[in-house]
Amino acid sequence: MAEALTRDLSARLIDKALAAAPLASTTLVVENMHCGGCMRKVEQALCAVDGVAAARANLAAKRVTVSHRSKGAGRTEAFVDALAAAGFKAAELPEEDDSAASNADRDFLRRVGVAGFAAANIMLLSVSVWSGAAGDMERSVQSLFHWLSALIALPTVAYAGRPFFRSAVQALKAGRLNMDVPISLGVTLATAMSLYQTLRGSEQVYFDAAVALLFFLLLGRFLDQRMRTRVAGAAGNLLGLRASTATVLGADGSSERLPARALTPGMRMLVAAGERIAADGRVLEGASEVDESLITGEASPASVSPGRQVFAGTVNLGAPLVVEAIATDQNTLLAEIARLMAAAQQSRGRYVRLADRAASFYAPAVHVLGLATFLGWLVTGHGWEQALTVAIAVLIITCPCALALAVPAVQVAATGRLFGRGVLVKAADGLERLAEADMVVFDKTGTLSLGEPHMLPLAPHDAPLLARAATLASASRHPYARAVVSAARERGLAVFPPVEVAETAGAGLARMTPEGEERLGSGRWCGVSGPAGESATLWYRAPSGKVVPFRFEDRLRPDARDVVQQLRRSGYAVELLSGDRMTAVEAAAKEVGISVWRGRQGPAEKIAHLEGLKADGRKVIMVGDGLNDAPALAAAHASVSPSTAADVSQTAADAIFQGERLGSVVEVLAVAKAARKLALQNFAIAVAYNVMFVPLAVAGLATPLIAAIAMSTSSILVTANAVRLRTARVEL
Amino acid sequence: MTALAWLIPAALFLGGLGLAAFLWSMRSGQFDDLEGAAWRALWDEDGPQPPERKR
C-alpha cells in the first residue's frame, strides 16, 4: 500500500518536473480543417511529433496551438511536414499579432456578463417596486429596494460603462461629438439623479434603465468586436498561408529551409523553378524568366540575369536562380511604393462614420431639448429641483440606445453574411465607404484576369501536333508548359507520361524519338529567329523540322464580363487601370466591355489618376491585387482585393474576396448598399420612438416604467431589423 | 417582511454564482472555439488536453 503510494507520488513528481520544463508554444494556420474529424487528425498528427506535449485545434479560427519542449531550429517545419503527411496544408502564423484583438473580445464579454447580471437583478427589484406601488408596499421597503439597486448599479456603471466614457472623452478632447457622448451623459446623469432621488426617498429612480441600456449597448459592441476579430484572424491566416519559405545556402554548400521572415540581407537563397522568391534580392547566378505580374501588373514574364534585382512574391519560371537577399529599403521600387502608400493614407484623412455623423446632429438636439425643458419648467413656476428631474428624464428617454445599436447591429449582420461567402471585410467603416461609391476602377492582371497563362487556339493545321507537344510539356513545371498540357486535356487529347525528356533550364525541353529529336521551348531553342510577336510565345519543333508557335494570354475570370455589365447597369462608371502593355490592356478592356482604359500605369500614375477622379467628385472603389496597386488601394475611397493579392495590397484593402469569381465584388457592393439602407431604417425607427416618448418626458410623465419599456422595445426592434440582412435577398 | 432579509441576499448570491461561473468559463477559454467544442463532445475517448494557458 505504502509502496504503491510512493510510486504514485514519484510518478507525479516526474510529471511535474516535465511540466515545469519550459514549454514553447507555436500557432499554426491549418487551411483545410473543416470538421471534427479533421480537427482530431490534426491534433493526433501533431502529438505524434517528437517533443510535442499537447496540441489543441481551434476549428472556428482554423488554427492549432502546439505546446512543445524547447524551440529548436526547424521545429515549425517538422509540424508543417507532419500535417502535410496527414493531408493538411499548414503554415506558421507570422506573429502573435491578434492576441490584443482577442483580449478586447474577452474584455467586452466580461463587461457584458457583469452588466447582464446587474441589469437582471436591478430589474427584479424594480418590478417588485412597480407592482408594490400599486398595492400595499411600505415606503421603507421601497426605499430599501432602491438602495439595493443603487448598490448594484453604481459599481456596474463605473465598470461596464468605461468603454463608452473613454471614447466620449477622446471625442470631446478632439473637439468632436460621437454617439458615445450622449450615451455617457445619459447614463451618468440617470445614475446620479437616481442616487439623489434615492437619498430623498422619491420614486423617480432609473437605475434599471441605466444598467439595461449599458447591457444592450455592450452586447452590440461585443458582437461588433468579435466579428472584427474573426475577420482579422481570417485575414492573418491568408497572409500566413502565403508566406513562403526559402532554401538558404550556407558558405560550406549546405542548404537549409527557413521561413521568409527569418531571412536577413546577405543570405544566399536557391530559388527552384516554379518557386516563389521569398525576399527581395539580387541575382547572383543563373538566368531565367520571372513572373513579376504581382509587382508590375505585366502579364508576360521578365527575363533576369546576374546583377538584376528580383522582388519578393515573384515566381521563378525557368532555371534555378541563386539570389542574394538585400534589405527592402535599398530597393527603389518598394521604397517608392511605401512612400506613396503613406502619402495616400494621409490624404484619405479621417472618414466620419454614419453613426457619428448622425450623432453630430442628434447630440446637440438632445442637449438643447433637455435645456429647453429645464428652462420651460423653471419659467412656468416649478422649483429648480423638479425642473432638473424632468430635464434629466428627457435625456434618459432620448439616450440613443437604439441609435447606437442601429449601425453596429447591421454591420455585424452584413459582415457575417459576407464572411460566410468568403469575403473578409476588414475596415470597420469599409462597408459604409463601399456603399457610397459611384465608380469602380479595376486592375487587369490578377484582378480581371486570373493571372495564369492560357493557351490561345491554334491554327487548324497545327492542331495535331498539340498532343505531342503536351506529352513533352508534361515533364516541366513551367507555367507555359502546364498551360499546353491543360489545353491538350481540354481538347480531349491523350497526354502520355513523358519518357526521357531532357530539360535545359531557361531554354526548353527536348526528347529523342525514332523519327528524330523534338523540342519545346524558346524561339532560340527551337531554331526560330525574329520577333516573338505580341503574345507570350512558346515554340514546338517536330522531328520533321516543322515549327509551331503556341501563344498564351492571361485568361480573364469567367464572370468578368458579366460583372462589368452588371456594374454598368446599376449605374457605376467602370474603368480599367493597368501596368501591363497597351495592347494587352486594350484587348482585355474590349473583351469585358470597358470603354475607358489606361495601360502602362505605374503606382504614381495610378494614384494621380485616382486623385483626378476624386477632384471630379467621384467616389472610387479600386479593385486590385498587385504591389503596384497598393498605393491606389489606399488612396481610393474604398478598395477590394482578391486573396491572391500581394501582402501589402491585402493589408491596404477594405475587403478581400476568395475564389475565382469576380462576382464577389458585386456581392460586396450589394450587401454594403443593403446595409446602409437597413442602417437608415434603423435610424428612422429610433427617431420614431423618440417622437413618441419625448413629449411624455417633456410633460414630466416619463415614469421609470415607461423609460424601461420604451428603451428595451426599441433596442430589440432595431436588432431584429438588422438580423434580416443575414438572409434577405440583396440586389445591386 | 422579514423573509426579505434572507430572500434578497439569497437571490443576489445565486445570481453572483452564475456570474462567477460565466467569468470562470470565459477565463478558461471555453468560448474560444464554440464550433470545435461541439465536435469534441462526439469523440469516444479523451482527446488531447488543452495546453496550459499562459498567464
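Not measured: the values here are computed from a predicted model. The residue count restarts for each chain, going from 1 along the sequence in the order it is written. Think of it this way: whatever chain is written first is A, whatever ligand is written first is 1, and the rest follow in order. Totals for whole chains, interfaces and linings use every residue, but because this is a predicted model, local features are given only for residues with pLDDT of at least 70 and side-chain atom pairs only at 80 or more, for both listing and counting.

Draft legend 1. The overall build of chain A, seen in detail. Numbering of helices and strands starts at the N terminus; helices are DSSP runs of H or I of at least 4 residues and strands are runs of E of at least 2. Within chain A one finds 24 helices and 26 strands. Buried, partly exposed and exposed are defined by the number of other C-beta atoms within 10 Å of a residue's own C-beta, namely 20 or more, between the two limits, and 12 or fewer respectively, with C-beta atoms placed from the backbone. Residues counted as buried form 47% of the 732 residues belonging to chain A. Contact criterion: two residues are in contact if their C-beta atoms, reconstructed from the backbone, are within 7 Å. Taking as baseline every contact in chain A between residues at least 6 positions apart, the subset at least 24 positions apart corresponds to 69%.

Draft legend 2. Main features of the overall build of chain B. The number of helices and strands found in chain B is two helices and zero strands. Going through the 55 residues of chain B one by one, you find that 0% of them count as buried.

Draft legend 3. Structural view of helix α20 (residues 603–615) of chain A. Residues and elements named next belong to chain A. By definition here, a helix of n residues has an expected span of 1.5 Å times n minus one. In this model α20 runs 18 Å from its N-terminal to its C-terminal C-alpha over 13 residues, within 8% of the 18 Å that 1.5 Å per residue would give. Buried within α20 are the following residues: Pro603, Lys606, Ile607 and Leu610. Each buried residue of α20 lies within a common arc of 95 degrees when the element is viewed along its axis, so the set occupies one face. Those residues of α20 that are exposed and angled more than 90 degrees off the buried face are Gly612 and Ala615. Each direction from the helix axis to a C-beta atom contributes to the arc, which is the arc of those directions.

Draft legend 4. Seen up close, the packing of helix α11 (residues 354–379) of chain A against helix α13 (residues 401–420) of chain A. Residue and element names in this part refer to chain A. As a packed pair, α11 and α13 sit with axes 9 Å apart at the nearest point and diverge in direction by 160 degrees. On the basis of their axis angle, the class for α11 and α13 is roughly antiparallel. Crossing of α11 against α13: the hand is right-handed. In this structure, α11 uses Leu354, Ala355, Ala358 and Tyr362 to contact α13, whose residues at the interface are Leu403, Ala404 and Val407. Axis definition: a line fitted to C-alpha atoms, over the contacting stretch in the case of helices. Angles run 0 to 180 degrees between N-to-C directions. Any angle that falls under 35 degrees is termed roughly parallel, while one over 145 is termed roughly antiparallel, one within 65 to 115 roughly perpendicular, and all others oblique. Definitions for this section: a left-handed crossing has its near helix turned counterclockwise from the far helix by less than a right angle. A right-handed crossing has that turn clockwise.

Draft legend 5. Summary view of the domain arrangement of chain A. Residues and elements named next belong to chain A. How far each domain reaches was decided by an automatic or database domain assignment. Examined at the domain level, chain A breaks down into domain 1 (21–92), domain 2 (100–233 + 351–405 + 689–722), domain 3 (245–339), domain 4 (413–450 + 557–672) and domain 5 (452–555). When each unit is reduced to the centre of its C-alpha atoms, the spacing between domain 4 and domain 5 is 35 Å. Each partner contributes to the interface: domain 4 provides four residues, whereas domain 5 provides four residues.

Draft legend 6. View of the sheet that holds strand β6 (residues 255–259) of chain A. Residue and element names in this part refer to chain A. Strands qualify as paired when DSSP identifies two bridges or more between them. Within the open sheet, the six strands sit side by side as β6-β5-β7-β13-β8-β11. Their pairing is antiparallel. The open sheet has two edge strands with one neighbour each: β6 and β11 (309–310). As judged from the two bridges shared by strand β8 (residues 281–285) and β11, these two strands associate in the antiparallel manner. Paired with arginine 282 across the two strands is glutamine 309, which belongs to β11.

Draft legend 7. Expanded view of the packing of helix α8 (residues 207–242) of chain A against helix α24 (residues 704–723) of chain A. Residues and elements named next belong to chain A. Where α8 contacts α24, the two axes come as close as 9 Å, and the packing angle between them is 10 degrees. Judged on the interaxial angle alone, α24 and α8 are roughly parallel. Within the contact between the two elements, α8 uses Asp208, Ala209, Ala212, Leu213 and Phe216 and α24 uses Pro704, Ala707, Ala708, Met711, Ser712 and Ser715. Split into classes, the residues belonging to the contact of α8 with α24 amount to eight nonpolar, two polar and one charged. Throughout, the ten residues Ala, Val, Leu, Ile, Met, Phe, Trp, Tyr, Cys and Pro are labelled nonpolar, Asp, Glu, Lys and Arg are labelled charged, and all others, Gly among them, are labelled polar.

Draft legend 8. Spotlight on the environment of serine 167 of chain A. Residue and element names in this part refer to chain A. Mapped onto the secondary structure, serine 167 falls in helix α6 (residues 162–173). Residue classification places serine 167 among the partly exposed residues on the basis of 17 C-beta atoms within 10 Å. Along the primary structure serine 167 and asparagine 178 are separated by eleven residues, whereas in three dimensions their C-alpha atoms are 8.4 Å apart. The residues touching serine 167, leaving out its near neighbours within four places in the chain, are Asn178 and Asp180.

Draft legend 9. Here's a closer look at the interface of chain A and chain B. Listed per partner, the contact involves 28 residues of chain A and 25 residues of chain B. Put simply, the parts of the chain that give the side of chain A that touches chain B at least two residues each are α2 (36–47), β2 (52–58), β3 (63–69), α4 (99–134) and α5 (139–160) of chain A. Residue contributions to the side of chain A that touches chain B peak at nine residues, all from α4 of chain A. Tallied by class, the residues present in the side of chain A that touches chain B amount to 16 nonpolar, seven polar and five charged.

Draft legend 10. Focus on the sheet that holds β3 of chain A. Residues and elements named next belong to chain A. Pairing within the open sheet is antiparallel, and its four strands lie in the order β2-β3-β1-β4. Both outer strands of the open sheet, β2 and β4 (90–92), are each paired with one neighbouring strand and no more. Strand-to-strand, the axes of this sheet are offset by a mean angle of 25 degrees, without reference to chain direction. Relative to β3, strand β1 (residues 23–30) runs antiparallel, the two sharing seven bridges. Its bridge partner being in β3, valine 29 is matched across the sheet by arginine 63. Across the sheet, α2 touches β1, β2 and β3, and the angle it forms with β2 is around 160 degrees.

Draft legend 11. Local environment of unusual backbone geometry. Residues and elements named next belong to chain A. Of note in the backbone geometry, lysine 62 takes a positive phi value of approximately 55 degrees without being a glycine. If you trace the backbone, lysine 62 turns up in the loop between β2 and β3. We note that arginine 600 has phi near 55 degrees; this positive angle belongs to a residue other than glycine. Relative to the helices and strands, arginine 600 resides in the loop between β23 (596–598) and α20.

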